[in-house]
Amino acid sequence: MSIAKSFFNQTRKPEGFLGKMMLGTMNSGHAKMADWGFTHLPVIAPEKAVDLGCGGGRNAGELMKRYPKARVTAVDYSDLSVEKAKDYNKEMIAAGRCEVLQGDVSKLTLPEGEYELATAFETIYFWPGLEKCFAEVARVLKKGGYFMICNESDGTDPTSLKFEKIIDGMKNYTSEEIESALKAAGFSEVTADHHPAKPWITVLARK
Ligand SMILES: C[S@@+](CC[C@H](N)C(=O)[O-])C[C@H]1O[C@@H](n2cnc3c(N)ncnc32)[C@H](O)[C@@H]1O
């Protein structure tokens, strides 16, 4: 495998030296898109929120800034992501407002009906079966809770389709495919938005 391919494959599950390098760029690299995504959330005041596939932990930190009363759980299946997200949020962890857990979104070890908000930024491309994983998200949300997905790819843009060929197991989805998997997993009130100038999409669903 070429170095470039090995490096880009670190987006799926950061590991080793290249994974550390990739994680070093993730928080800043996804910040603009994530902040655009956050503008789609309705006015809510969650007490508990969860960021799934948290990577370096920046968006879990944003959730705590935006929702000062919220306690935030960040989950990732990569050791390195967990380590980086813990370091990024160390003050909030010490303050008792944040926990970072290692776990796979397809079989979350989180309690049922616990969270008012779940977020997933730049991660569903790698989830093993959308409908199954979305059903897990629905399980841990309270009734009426929101799930927001934010992707840099709208499933048709040429750059992301190129990455699909480079990164093992990556799948770009259209907003229609995401909407349909969310509905099949039991979500209602699903809405999608496309950035006016970029291939970014945000899909918001309510349990
Ligand atoms: C491209 S990174 C995005 C990280 C972060 N959300 C962001 O926007 O910067 C994808 C992250 O999703 C995690 N991930 C992928 N599949 C996962 C799964 N099945 N369960 C938990 N985490 C997963 C990877 O380990 C990686 O840290």
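The structure under discussion appears in the preceding block.
Before going into details, it helps to say that this report is about the structure given with it. (Residues numbered from 1 in each chain as written. Predicted model: local features only at pLDDT ≥ 70, side-chain atom pairs only at ≥ 80, totals over all residues.)

With that settled, consider the site of the ligand. Residues in contact with the ligand amount to 24 residues; listed here are only the nearest, Gly 53, Gly 55, Ser 78, Phe 121 and Thr 123. Across the shell around the ligand, the residue classes tally to 10 nonpolar, 10 polar and 4 charged. (Near = placed C-beta within 6 Å. Nonpolar A, V, L, I, M, F, W, Y, C, P; charged D, E, K, R; others polar.)

Our next topic: the pairing of strand E6 (residues 188-194). Of all 7 residues in E6, 0 are buried; the element is thus mostly exposed. Summarising the sheet, E6 and strand E7 (residues 201-206) pair through 5 bridges and their orientation is antiparallel. Bridging from a neighbouring strand, Thr 191 pairs with Leu 204 of E7. Taking the residues that link successive antiparallel strands as the turn, the E6-E7 hairpin has 6 residues. (Buried ≥ 20, exposed ≤ 12 C-beta atoms within 10 Å, placed from the backbone. Helix = DSSP H or I, 4+ residues; strand = E, 2+ residues; numbered from the N terminus. Pairing = 2+ DSSP bridges.)

Running from N to C, helix H7 (residues 130-140) and helix H9 (residues 175-184) point in directions that differ by 55°, and their axes come no closer than 8 Å. Judged by the inter-axis angle, H7 sits oblique to H9. H9 is crossed by H7, and the crossing has right-handed handedness. Seen from H7, the contacting residues are Leu 130, Glu 131 and Phe 134; seen from H9, they are Ala 181, Leu 182 and Ala 184. (Axes fitted to C-alpha atoms, helices over the stretch in contact; angles between N-to-C directions. Parallel < 35°, antiparallel > 145°, perpendicular 65-115°, else oblique. Left-handed = near helix turned anticlockwise from the far one by under 90°. Contact = placed C-beta atoms within 7 Å.)

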